[in-house]
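Single-letter residue listing:
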Amino acid sequence: MTSSRKTKAALQAAPDLHAQLGLRPGQSIELLKELHILTRDGRLNQDSRRKLKQVNHLLQFIEKVRQELPPREGGLLLADHGAGKSYLGFMLYDLWRTRHEPGRELGHLYGIETRADLVERSRELAARLGFERMSFINTSAAESAASAALPDAFDVVTALHACDTATDDAIAFALRKQARAIVLAPCCQAEVAHEQGAATGAHAAGRAVAPPLAYARDGQPAHQRAALPLP
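Residues numbered from 1 in each chain as written. Predicted model: local features only at pLDDT ≥ 70, side-chain atom pairs only at ≥ 80, totals over all residues. Heavy atoms only, no water.

Asker: Any chance you could explain the pattern of salt bridges here in plain terms?
Answerer: Side chains that differ in sign of charge can pair as their charged atoms come close. Counted according to the given criterion, the structure contains 7 salt bridges. The shortest N-O distance in the salt bridge between Glu-30 and Lys-33 comes to 3.7 Å. Highlighted residues: Glu-30 and Lys-33, both in helix α2 (residues 29-34), separated by 3 residues, approximately one helical turn. Classification of Glu-30 as partly exposed rests on a relative accessible area of 47%. The partner of Arg-180 in a salt bridge is Asp-155, and the shortest N-O contact between them spans 2.3 Å. Of the two residues, Arg-180 is situated in the loop between α7 (166-176) and β5 (181-185) and Asp-155 in the loop between α6 (141-144) and β4 (156-160); the sequence distance between them amounts to 25 residues. The class for Arg-180 is partly exposed, based on a relative accessible area of 36%. Where salt bridges share partners, they join Arg-72, Asp-155 and Arg-180 into one cluster. (Salt bridge = Lys/Arg side-chain N within 4 Å of Asp/Glu carboxyl O. Helix = DSSP H or I, 4+ residues; strand = E, 2+ residues; numbered from the N terminus. Buried < 20%, exposed > 50% of the residue type's maximum accessible area, 1.4 Å probe, protein only.)

Here it is as structure tokens:
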């Protein structure tokens, strides 16, 4: 197939791929490949499909919030706690950079993450993509409110499955930073793992305990038994 035919076929296939994957209008296929959610040939495994569904579900709520917030000169400021590989941050940036409503466009997005290797990887990807209004801070949610690298106030604070007490810390951060909106999908993996561990010990000691929580599919690791996909 010639180069021009390949290009034409790719353009024709793009809308079909958006429909197949349940992507939002304008969502970048190339970005999803950069994030390794999609393979280079546009394929999606089950784990990536689950992650994509979770992120897109949260993006819907964030977009509603964006439309309702009062405008801010210079654009809206967002903090994403427990950013991890920054799927949410990059996909949000990609969607919002095409918005041109004065005061409601993206001013700056800050990804907050404790793992230095993930922070560095996100910084490199943002630089490569030319996403200049993204910064990544290597700190915990608990310590981030005191970080000099972050502004004094935010418009939106998000956290997608920030582990253990990090969701609570993200809420405390939002209150201290006078955030105008908080969009969260809490993680209860650590709590459930702890409770299940306690239940196992109680059974071994012969004490009566409540039945274990029946959250998960068979074969899931114990620490992930509460990680249900968002509806």
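Asker: Looking at this structure, I do not really get the pairing of strand β1 (residues 76-81). What am I missing?
Answerer: The side chains of a regular strand alternate, first on one face of the sheet and then on the other. Within β1, 6 of the 6 residues are buried, leaving the element largely enclosed by the surrounding structure. Of the two faces of β1, the one holding Leu-76, Leu-78 and Asp-80 and the one holding Leu-77, Ala-79 and His-81 are both buried throughout. Bridge analysis of β1 against strand β2 (residues 106-113) gives 6 bridges, and the strand direction is parallel. Within β2, the residue paired with His-81 across the bridge is Ile-112. Since β1 and β2 lie parallel, the crossover through helix α4 (residues 87-96) that links them has a hand, and here it is right-handed. Inspection of the sheet shows β1 paired to β4 by 4 bridges, in the parallel sense. (Pairing = 2+ DSSP bridges. Right-handed = clockwise from strand over helix to strand, strands pointing away.)

Asker: How do you make sense of the nonpolar core when you look at a structure like this?
Answerer: Soluble, globular proteins show a tendency: their nonpolar side chains are buried together. Leu-78, Phe-90 and Met-91 are the most contacted members of the largest nonpolar core, which has 38 residues in total. Here this core takes 8 residues from α4, the largest share from any one element. Each residue touching Leu-78, except ones within four places of it in the same chain, is listed here: Ile-62, Leu-92, Trp-96, Leu-106, His-108, Leu-109, Tyr-110, Phe-154 and Val-156. With 11 residues, the next largest nonpolar core counts Leu-77, Ile-137, Ala-145 and Phe-173 among its residues. (Core = buried A, V, L, I, M, F, W, Y, C linked by side-chain atoms within 4.5 Å. Contact = heavy atoms within 4.5 Å.)

Asker: Explanation requested: the side chain of Ser-140 in the structure shown.
Answerer: Tracing the chain through its elements places Ser-140 in the loop between β3 (134-138) and α6. Note on Ser-140: relative accessible area 18%, which makes it buried. If sequence neighbours within four positions are ignored, Ser-140 has contacts with Ile-112 and Thr-114.

Asker: For this particular structure, what's the right way to read the sheet that holds β5?
Answerer: Note: strands within a sheet are paired through backbone hydrogen bonds, in either parallel or antiparallel orientation. Spatially, β3-β2-β1-β4-β5 is the arrangement adopted by the 5 strands of the open sheet, whose pairing is parallel. Looking along the sheet, the strands with just one partner apiece sit at the ends: β3 and β5. Between one strand axis and the next, the sheet turns by 15° as a mean value, whatever way the strands run. Relative to the sheet, helix α3 (residues 46-68) contacts β1, β4 and β5, its axis offset from that of β5 by approximately 170°. (Axes fitted to C-alpha atoms, helices over the stretch in contact; angles between N-to-C directions.)

Asker: Could you clarify how one ought to interpret the packing of aromatic side chains in this entry?
Answerer: Think of a pair of aromatic rings as described by two things: how far the centres are apart, and how the planes are tilted against each other in angle. Under the definition given, this model contains 5 aromatic pairs. On the basis of an interplanar angle of 40° and a centroid distance of 6.1 Å, the ring pair of Phe-90 and Phe-131 is categorised as tilted. One end of the pair, Phe-90, is in helix α4; the other, Phe-131, is in the loop between α5 (116-129) and β3, with 41 residues separating them in the sequence. Neither residue differs from the other here; Phe-90 and Phe-131 are each classed as buried. On the accessibility criterion, Phe-131 (5% relative accessible area) is buried. Members of the aromatic cluster, each reached through a chain of ring pairs, are Phe-90, Tyr-93, Phe-131 and Phe-136. It is Lys-64 that lies over the ring of Phe-61; its NZ or CZ is 5.7 Å from the centre. (Phe/Tyr/Trp six-rings, centres within 6.5 Å; stacked < 30°, edge-to-face > 60°. Lys NZ or Arg CZ within 6 Å of the ring centre and 35° of its normal.)

Asker: How should I be thinking about the pairing of β3 in this particular structure?
Answerer: In the sheet, β2 pairs with β3 via 5 bridges, with the strands oriented parallel. Within β3, the residue paired with Leu-109 across the bridge is Met-134. Regarding the hand of the β-α-β motif, the stretch spanning β2, α5 and β3 is right-handed.

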